[in-house]
Amino acid sequence: MNHQNIILIGMAATGKSTLGRRLARRLDWAFVDTDLLMEAWWGAPLQQIRDHLGLEAFVQAEAQQIQRVHLSQCVIATGGSVVYSEAAMAHLRGQGHIVYIQSSFETISHRLTNPTSRGLAIGPGQTLKDLYDERAPLYARYAQLTVDTDGATPDQSCSAIILGLSRTTQDEP
Ligand SMILES: Nc1ncnc2c1ncn2[C@@H]1O[C@H](COP(=O)(O)OP(=O)(O)O)[C@@H](O)[C@H]1O
Ligand SMILES: O=C(O)C1=C[C@@H](OP(=O)(O)O)[C@@H](O)[C@H](O)C1
Ligand SMILES: [Mg+2]
């Protein structure tokens, strides 16, 4: 593979952090989770940052955090709300290959056991399904590769990312 970084995007609980860590181990690359960078920058858990800033400023702060990232040979797991910022996504595109970690709404709602404490960038009155429907086209727009994790183990999903990327990079001019 001849790319600088592998960048995972997708809804909360699709498995970006879980897969990112495993994939990095398999490739012997470093792993960076931009949610942890946010927590380190602000010195607080994500939910506290989200509550303190409010929705709009939280999304802006996340976009700024992303644009501070200049890395090589890393697997980068992003937060689910990064796709709201075109500037952040353009920056990430310049940093490597963007992989959309996709799951059905049913899988996500089953996995998301703590929706009120993980700092979700969800607006007042919005449901998880609203968020899913609003974001699905955004993730698809920025994805260079999409990997569906429904019915797969994390190891199978990692293999699908590696195989998919090797095909994608072969097709590049
Ligand atoms: N194929 C799979 N890929 C990734 N995660 C999976 C898979 N199957 C089950 N999971 C579980 O789903 C959860 C995903 O959480 P997490 O990695 O924090 O997601 P995200 O970073 O996208 O919010 C974990 O508990 C993980 O064990
Ligand atoms: O989807 C979201 O609105 C968010 C998901 C979180 O990350 P995960 O996608 O890793 O859960 C985190 O970035 C943030 O608090 C907002
Ligand atoms: Mg995560």
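Residues numbered from 1 in each chain as written. Chains lettered and ligands numbered in written order. Predicted model: local features only at pLDDT ≥ 70, side-chain atom pairs only at ≥ 80, totals over all residues. Heavy atoms only, no water.

1. Observations regarding the overall build of the protein
For step 1, the next point in the chain: If you tally the helices and strands in the protein, you get eight helices and five strands.
For step 2, the next point in the chain: Seen along its three principal axes, the alpha-carbon backbone of the protein occupies a region of about 45 × 35 × 25 Å.
For step 3, the next point in the chain: Residue pairs in contact within the protein that sit at least 24 positions apart in sequence constitute 75% of those at least 6 positions apart.
For step 4, the next point in the chain: If you average the places of the 14 positive and of the 17 negative side-chain charges in the protein, the two averages end up 4 Å apart. (Helix = DSSP H or I, 4+ residues; strand = E, 2+ residues; numbered from the N terminus. Contact = heavy atoms within 4.5 Å. Lys, Arg positive; Asp, Glu negative; His and termini not counted. Charge placed at Lys NZ, Arg CZ, Asp CG, Glu CD.)

2. What about the side chain of Gln65?
For step 1, the next point in the chain: Mapped onto the elements of the fold, Gln65 is located in helix H4 (residues 55-67).
For step 2, the next point in the chain: There is a polar contact of 3.0 Å between the side chain of Gln65 and the side chain of Arg68.
For step 3, the next point in the chain: The residues contacting Gln65, other than those within four sequence positions of it, are Leu37, Met38 and Trp41. (Polar contact = N/O pair within 3.5 Å; in protein donor to acceptor, adjacent residues only side chain to side chain.)

3. Points about the site of ligand 2
For step 1, the next point in the chain: Residues in contact with ligand 2 amount to 14 residues; listed here are only the nearest, Lys16, Asp35, Gly119, Ala121 and Arg135.
For step 2, the next point in the chain: Within the side chain of Lys16, an N or O atom sits 2.7 Å from an oxygen atom of ligand 2.
For step 3, the next point in the chain: Contacts to ligand 2 include Arg135, whose side-chain N or O atom sits 2.7 Å from an oxygen atom.
For step 4, the next point in the chain: Here ligand 2 has 380 Å² of accessible area as a free molecule, and 97% of this is covered by the chains.
For step 5, the next point in the chain: When the residues that make up the shell around ligand 2 are grouped by side-chain class, the tally is five nonpolar, four polar and five charged. (Near = heavy atom within 4 Å. Areas by Shrake-Rupley, 256 points an atom, 1.4 Å probe, with all protein chains shown as cover. Nonpolar A, V, L, I, M, F, W, Y, C, P; charged D, E, K, R; others polar.)

4. Examining the sheet that holds strand E2 (residues 30-33)
For step 1, the next point in the chain: Here five strands make up an open sheet; going across it, the order is E2-E3-E1-E4-E5 and the pairing parallel. Looking at strand neighbours, the two that pair on one side only are E2 and strand E5 (145-148), the edges of this open sheet. With direction set aside, neighbouring strand axes in the sheet form an average angle of 25 degrees.
For step 2, the next point in the chain: Of the pairings in the sheet, the one linking strand E1 (residues 5-9) to strand E3 (residues 74-77) comprises four bridges and is parallel in character. Along E3, the bridge assignment pairs Asn5 with Cys74.
For step 3, the next point in the chain: Lying on the sheet, helix H2 (residues 34-42) is in contact with E2 and E3; it crosses E2 at an angle near 60 degrees. (Pairing = 2+ DSSP bridges. Axes fitted to C-alpha atoms, helices over the stretch in contact; angles between N-to-C directions.)

5. Focus: the UniProt feature "binding site: Mg(2+)" (unreviewed entry) in the protein
For step 1, the next point in the chain: When the UniProt feature table is mapped onto this chain numbering, "binding site: Mg(2+)" (unreviewed entry) sits at Ser17.
For step 2, the next point in the chain: Residue position: Ser17 is located in helix H1 (residues 16-27).
For step 3, the next point in the chain: Residue classification places Ser17 among the partly exposed residues on the basis of a relative accessible area of 26%.
For step 4, the next point in the chain: With near-sequence residues (within four places) excluded, Ser17 lies in contact with Phe31, Asp33 and Ala77. (UniProt positions renumbered as here; feature names shortened; annotations may be inferred. Buried < 20%, exposed > 50% of the residue type's maximum accessible area, 1.4 Å probe, protein only.)

6. Brief notes about the packing of aromatic side chains
For step 1, the next point in the chain: Throughout the structure, instances matching the rule amount to two aromatic pairs.
For step 2, the next point in the chain: Directly above the aromatic system of Trp41 lies the positively charged group of Arg68, at a separation of 3.6 Å from the ring centroid.
For step 3, the next point in the chain: Lys129 extends its terminal NZ or CZ atom over the ring of Phe105, reaching a point 5.8 Å from the ring centre. (Phe/Tyr/Trp six-rings, centres within 6.5 Å; stacked < 30°, edge-to-face > 60°. Lys NZ or Arg CZ within 6 Å of the ring centre and 35° of its normal.)

7. Details of the nonpolar core
For step 1, the next point in the chain: Ile9, Met11, Val82, Val83, Met89, Leu92 and Leu128 are the most contacted members of the largest nonpolar core, which has 28 residues in total.
For step 2, the next point in the chain: For this core, the secondary structure elements donating two or more residues are E1, H4, E3, helix H5 (86-95), strand E4 (97-102), helix H6 (105-111) and helix H7 (128-142).
For step 3, the next point in the chain: In terms of residue count, H7 provides more of this core than any other element does, six residues in total.
For step 4, the next point in the chain: Residues contacting Val83, with those up to four places away along its chain left out, are Ile9, Met89, Leu138, Tyr139 and Tyr142. (Core = buried A, V, L, I, M, F, W, Y, C linked by side-chain atoms within 4.5 Å.)

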